[in-house]
Amino acid sequence: MKRFILPVVFIMAFMLALPGCSSQEEKKQAHFVKGQGYFDKGEFKSARIELKNAIQIDPKFLKAHLLLAEASLNLGDAQEAFRAYSAAAEIDPANSEAQLKLATFLLLSQKYEEARPRVDGILSREPNNIEALLLLAALLDHEKNLFEADSTYRKIIDINGRESRAYLGLARVLAQQGRPDEAERVLQQTLVIDPKSVKHRLALFSFYLAQRKFDQAEAEILRAAADHPGDADLLITQGNFYLGLKKHPQAEAAYLKAVEADPKSVRSYMVLAGYYANVGDKDNSLTMYAKARELEPDNVNIAGAVARFHLSQGDLAAAEKENTAVLAKRPNYFPARMLQSEILIARREFGPAVELLNQLIQEEPKSARAHYFIGLAQFGRGETRLAQSALVKSLELEADNMRAHLLLAEIYLSERNPERARREAEAALEMEPESYQARLMLGNIQLALQKDAEAQESFEALIRAEPENPAGHYRMGALHQARRQYDQALANYDRALALNPDLLDVFSDSVQILAEQKRFGEAFVRCEKQLAQVGGTPAAAGVVYNLKGGLHLAQGDPAAAEEAFRRAIEKNPNLLEPYYAMAGIYLRDKQADKAVAQFKKLLDLNPRQAGPHMMIAVVYDSQKRFDLSEQHYRSALEIDPKLAPAANNLAYILAEQNRDLNEALRFAQVAKEALPDDPNVMDTLGWVYYKRGLHDSAIGEFKASLAKNPNNPAVAYHLGLAYLKKGETDRARAELERALKINPNFDGAAEARK
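The model shown is predicted, which means the values in this text are computed figures rather than measured ones.

> Explain the overall build of the chain to me, please; I cannot follow it from the model alone.
Each helix and strand counted, the chain has 43 helices and 0 strands in total. Computed over C-alpha atoms, the radius of gyration of the chain comes to 35 Å, more than 25% over the 27 Å expected from 2.2 N^0.38 for 754 residues, which places it beyond the range of a compact globule. Counting only C-alpha atoms and orienting by the principal axes, one finds that the chain spans roughly 130 × 75 × 55 Å. Looking at the chain residue by residue over its 754 residues, the buried ones come to 47%. Sequence-distant contacts, at least 24 apart, represent 48% of the contacts inside the chain between residues at least 6 apart. Taken as a whole, the chain presents about 37700 Å² of accessible surface, with 51% of it coming from carbon and sulfur. Across the chain, the centroid of the 96 positively charged side chains sits 2 Å from that of the 103 negatively charged ones.

> I keep staring at the side chain of Asp-683 and nothing clicks. Help me out?
Here Asp-683 is to be found in helix H39 (residues 679–691). Here Asp-683 is buried and forms no salt bridge, its nearest opposite-charge partner Lys-672 lying at an N-O distance of 11 Å. Leave out the neighbours within four places in its chain, and Asp-683 touches Tyr-652, Phe-702, Ser-705, Val-715 and His-718.

> Teacher, can you tell me more about the packing of aromatic side chains here?
One pair of aromatic rings is described through two measures. These are the centre distance and the angle between the planes. This model, assessed by the stated rule, comprises 14 aromatic pairs. Taken together, a centroid distance of 5.6 Å and an interplanar angle of 75° make the contact between Phe-205 and Phe-241 edge-to-face. With Phe-205 in helix H11 (residues 198–210) and Phe-241 in helix H13 (residues 232–244), the pair connects residues that are 36 residues apart, well separated along the chain. Measuring from ring centre to ring centre gives 5.3 Å for Phe-241 and Tyr-242, while their planes differ by 55°; the resulting arrangement is tilted. Of the two residues, Phe-241 and Tyr-242, neither departs from the other in class, the shared state being buried. Taken together, the ring pairs connect Phe-82, Tyr-85 and Phe-105 into an aromatic cluster. The ring of Phe-61 carries the charged tip of Lys-28 above its face, separated from the ring centre by 4.5 Å.

> Would you mind showing me how to read the nonpolar core here?
A general tendency of soluble globular proteins is for nonpolar side chains to be buried together. Tyr-633 and Phe-702 are the most contacted members of the largest nonpolar core, which totals 66 residues. Setting aside its immediate chain neighbours within four residues, Tyr-633 contacts Tyr-580, Met-614, Ala-617, Val-618, Asp-621, Ala-646, Asn-649, Leu-650 and Ile-653. Counting 65 residues, the second-largest nonpolar core is a separate cluster that includes Ala-166, Ala-171, Val-186 and Tyr-289.

> How should I be thinking about the layout of surface pockets in this particular structure?
Gaps left between atoms show up when a probe the size of a water molecule is rolled over them. Approximately 530 Å³ is the volume attributed to the second largest pocket. As for the second largest pocket, its lining consists of 16 residues, and the residues nearest its centre are Lys-246, Asn-278, Glu-432, Glu-434 and Ser-435. Classifying every residue of the lining of the second largest pocket by side-chain character gives 5 nonpolar, 7 polar and 4 charged.

> Teacher, can you tell me more about the pattern of salt bridges here?
Oppositely charged side chains may form a pair once their charged atoms are brought near each other. Using the criterion set out here, one finds 44 salt bridges in the structure. Close ionic contact of Asp-58 with Lys-28 constitutes a salt bridge, the shortest N to O distance being 3.0 Å. Residue Asp-58 is located in the loop between helix H2 (44–57) and helix H3 (62–74), and its partner Lys-28 is located in helix H1 (residues 5–40); the two are separated by 30 residues in the primary sequence. You can call Asp-58 partly exposed: its relative accessible area is 22%. On the basis of relative accessible area, Lys-28 is assigned to the buried category, the value being 8%. With its nearest N and O atoms 2.8 Å apart, the salt bridge here joins Glu-562 to Arg-566. Here Glu-562 pairs with Arg-566, and both are found in helix H32 (residues 558–571), just 4 residues apart, close to one helical turn. It is possible to trace a salt-bridge network through shared partners that takes in Glu-630, Arg-634, Arg-659, Asp-660, Glu-663 and Arg-666.

> It is not clear to me how the side chain of Glu-80 should be interpreted in this structure. Could you clarify?
Tracing the sequence through the fold places Glu-80 in helix H4 (residues 78–91). What Glu-80 contacts, discounting residues up to four positions off in sequence, is Arg-48, Lys-52, Leu-68 and Ser-72.

> I would appreciate a short explanation of helix H16 (residues 282–295) in the present structure.
Since there are 3.6 residues in each turn of an α-helix, residues three or four apart along the chain are aligned in direction. The terminal C-alpha atoms of H16 lie 21 Å apart, and with 14 residues this matches the ideal 20 Å at 1.5 Å per residue to within 8%. Taken as a whole, H16 has its buried residues at Ser-285, Met-288, Tyr-289 and Ala-292. Looking straight down H16, one finds that the buried residues subtend no more than 100° of arc, so they occupy a single side. Every exposed residue of H16 that faces more than 90 degrees away from the buried side is listed here: Asp-283 and Glu-294. Each element contacted by the buried residues of H16 is listed here: helix H15 (266–278) and helix H17 (300–312).

> What should I look at first to understand H4 in this one?
Compared with the 20 Å implied by 1.5 Å per residue over 14 residues, the 20 Å span of H4 between its first and last C-alpha is a close match. Of all the residues in H4, the buried ones are Glu-80, Ala-81, Ala-84, Tyr-85, Ala-88 and Ala-89. On the buried face of H4, the contacting elements are H2, H3, helix H5 (96–108) and helix H6 (112–125).

> Explain the packing of H4 against H5 to me, please; I cannot follow it from the model alone.
Two numbers describe a pair of packed helices, the interaxial angle and the distance between the axes. Their axes nearest at 9 Å, the elements H4 and H5 cross at an angle of 140°. Considering the angle they form, H4 stands oblique to H5. Like other packed secondary-structure pairs, H4 and H5 cross with a definite hand, here left-handed. Of the residues in H5, those touching H4 at Ala-78, Ala-81, Phe-82, Tyr-85, Ser-86, Ala-88 and Ala-89 are Ala-98, Gln-99, Lys-101, Leu-102, Phe-105 and Leu-106.

> Even after reading the chapter, I still don't get the confidence of the model for the chain, so can you show me in this structure?
Do not read the fine detail of predicted coordinates wherever pLDDT is low. With 97% of its residues at a pLDDT of at least 70, the chain reaches an overall mean of 89. Under a pLDDT of 50 for its full length, residues 1–21 has, in the predicted model, 0 contacts with residues more than four places off or in other chains.

> Hey, could you run me through unusual backbone geometry in this one?
When glycine is set aside, most residues are seen to have a negative phi, and most peptide bonds are trans. Phi is positive for Arg-212, which is not a glycine, with a value near 60°. Tracing the sequence through the fold places Arg-212 in the loop between H11 and helix H12 (214–227).

> Hey, could you run me through the environment of Gly-314 in this one?
Structurally, Gly-314 is set in the loop between H17 and helix H18 (316–329). You can call Gly-314 exposed: its relative accessible area is 53%. As a C-alpha pair, Gly-314 and Ala-346 span 32 residues in sequence and 8.3 Å in three-dimensional space.

> So what exactly am I meant to see when it comes to the environment of Tyr-167 here?
Residue position: Tyr-167 is located in helix H9 (residues 164–176). For the pair Tyr-167 and Val-186, spaced 19 residues apart in sequence, the C-alpha to C-alpha distance is 6.0 Å. Apart from residues lying up to four places away in sequence, Tyr-167 is in contact with Ile-157, Gly-161, Val-186, Gln-189, Thr-190 and Ile-193. Polar side-chain contacts of Tyr-167 include one of 2.8 Å to the backbone oxygen of Gly-161.

> Looking at this structure, I do not really get the packing of helix H24 (residues 418–431) against helix H25 (residues 436–448). What am I missing?
Between H24 and H25, the least distance of the axes is 9 Å, while the angle of their chain directions is 160°. As summarised for this structure, H24 and H25 are arranged roughly antiparallel, according to the angle between their axes. The two elements H24 and H25 cross, and the hand of that crossing is left-handed. Contacts from Pro-418, Ala-421, Arg-422, Ala-425, Glu-426, Ala-428 and Leu-429 of H24 reach H25 at Ala-438, Arg-439, Met-441, Leu-442 and Ile-445. Classifying every residue of the contact of H24 with H25 by side-chain character gives 9 nonpolar, no polar and 3 charged.

> Help me understand the environment of Ala-674, please; the structure alone is not making it clear to me.
Locating Ala-674 in the fold gives a position in helix H38 (residues 661–674). A sequence separation of 56 residues divides Ala-674 from Val-618, and the C-alpha atoms of the two residues are 19 Å apart.

About the thresholds
- Residues numbered from 1 in each chain as written.
- Predicted model: local features only at pLDDT ≥ 70, side-chain atom pairs only at ≥ 80, totals over all residues.
- Heavy atoms only, no water.
- Helix = DSSP H or I, 4+ residues; strand = E, 2+ residues; numbered from the N terminus.
- Rg over C-alpha atoms; globule rule 2.2 N^0.38 Å.
- Buried < 20%, exposed > 50% of the residue type's maximum accessible area, 1.4 Å probe, protein only.
- Contact = heavy atoms within 4.5 Å.
- Areas by Shrake-Rupley, 256 points an atom, 1.4 Å probe, with all protein chains shown as cover.
- Lys, Arg positive; Asp, Glu negative; His and termini not counted.
- Charge placed at Lys NZ, Arg CZ, Asp CG, Glu CD.
- Salt bridge = Lys/Arg side-chain N within 4 Å of Asp/Glu carboxyl O.
- Phe/Tyr/Trp six-rings, centres within 6.5 Å; stacked < 30°, edge-to-face > 60°.
- Lys NZ or Arg CZ within 6 Å of the ring centre and 35° of its normal.
- Core = buried A, V, L, I, M, F, W, Y, C linked by side-chain atoms within 4.5 Å.
- 1 Å grid on protein atoms, 1.4 Å probe; cavity = no way out; pocket = protein on both sides within 12 Å on 5 of 7 lines; lining within 4 Å.
- Points joined across faces, edges and corners; volume = space filled by probe spheres on them.
- Nonpolar A, V, L, I, M, F, W, Y, C, P; charged D, E, K, R; others polar.
- Expected span 1.5 Å × (residues − 1).
- Arc of directions from axis to C-beta.
- Axes fitted to C-alpha atoms, helices over the stretch in contact; angles between N-to-C directions.
- Parallel < 35°, antiparallel > 145°, perpendicular 65-115°, else oblique.
- Left-handed = near helix turned anticlockwise from the far one by under 90°.
- pLDDT = per-residue confidence, 0-100.
- Polar contact = N/O pair within 3.5 Å; in protein donor to acceptor, adjacent residues only side chain to side chain.

Structure, rendered in structure tokens:
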């Protein structure tokens, strides 16, 4: 009998185990059924909990993984959905649903090489699987294999003649192949399939818009709106269409109808607010933002939009106030921190902006906007090489960023590389053919390339497009001035000044023309008229007094010149030219010691004055007594740390003497932030870079300086030295010869001849 004990015990153990197994299976199914029930009722969070419980019991429960993926998609959790589909595909590699979803995820993530094998695998089993064929066609389209994409879309249509997605894809491919008539017929066929489809009507509308067939586009958007009255989104699209055509009354009417159609929609109010901001109606814009806030008081996106609106209006205090309130609620909110960096740039606080943007790029390395703005900030700091690198990266991430193309064009033009600048400007124009800024940039580049006829055509186009914009008239004047057609140049400058009397660059060029022609009386009359216009703005008045000083010197009246230069410094202490002009007068009249004594008396009366220290330093500079000039530059900066002329000159002394180069860089950047367009400041920063061994950055600054002032032999000499350090001997020789040609006796001429 003993021989039967083991089997009986084994059977009993097996029987005892059965209820446990059955219990686990029942629990798994119970969780799944509950999850399915929650899913059907739209309670996706509860569904996800139950489905995860089922999977915990049975990690290979295929149906639970698939339903978990769908629930996660409904919750907007793409990562969870991807993991669930991946698990399902691993459990059953032949499961088409999981493989299709994974391929779709990979396609949307631009992981085309990973998506293709999954699509091919599905089609090897199911050659007529429409979803897989649609994915294949999209992959072929991306690969620019348009012939195969065309064939694939047509195969889908053969399988199902009412599959509108195939018609839409085929139309896109035909348009890329340069077959617009066929593309149009295909799109019209989608409306035969479903005449009331908004999606199909908008596809045809977008096609006509791309073809610049605005009448047909208008007919389609009006038909869509008529078929779906009260559809706020369609009305917004209609408004955007009219806005693009600058038909402002029709645009406003469409936006107002959108608000009327859905008065509880924040989006309608936000779009209308944006429209009013676009046309310069500040009050109505703020009213619409306020109405949006009434609907959703805690919506940080509305607060961010209001902050951005204030930034666009130049009201930095209001912008910062709004944005700070958002950051108080959500300190790590990326868009608000991004906006804070833009506010810092607008304040010309480029260092803190770069620091913040570096943090943002660490968090979001694929943020094209962050790369663009760090490029803009680096450009503001004078770091043109770093700016260029950041802008190129931003375009890799977002190829249609017109502003990045234009800023790159400006950098290349400043570096005397007009061909590369032209390519960037043309890329910007290709994106927005009506862009005034892109056309203006291209005209400036054509002028630099001495393609006068093309430049004239560009500037004339600007004047036709916006006759009330002074920029076109100014650049046309510059073209005539370059041709020595002075009367035409003055006429264009006068038109620009009539439109905006505060344009000091235009005014300065007009005075320069009169001075060259010895028409001093007319020049002085212009200066007095300009002072009456801008006298309330000290910085502008300083520029005018500086011009008056130059005119007095040209007439041989140093006393009147000295008084004008003194007034210029009094009005605008950051102007470099009047300091050197006054020092030149003192040295020429052998009154340097007397001038220093006078300025020291001023300091005895009030030691906390930066101006007298600055003047004493410049006089000592001119006498090459750099130890004394350094003392006074430092004293001036202790009183006014942002006095750009003192920072610039001290940086140059330190660089020239090869000492304290970190400090020299700091001072040079202070000057650059205050005077980003001053050629002397560019040369100083370039010289500091050169001394630090940063030859590419140095070359960028020297080129930019020479673009502003091409007849400065010292800068050409510096550029030649930088090329020599890089081993570019031909370029070095050309620049050194250029320096000697400008002035054979400049400081450094002996070294240049070597």
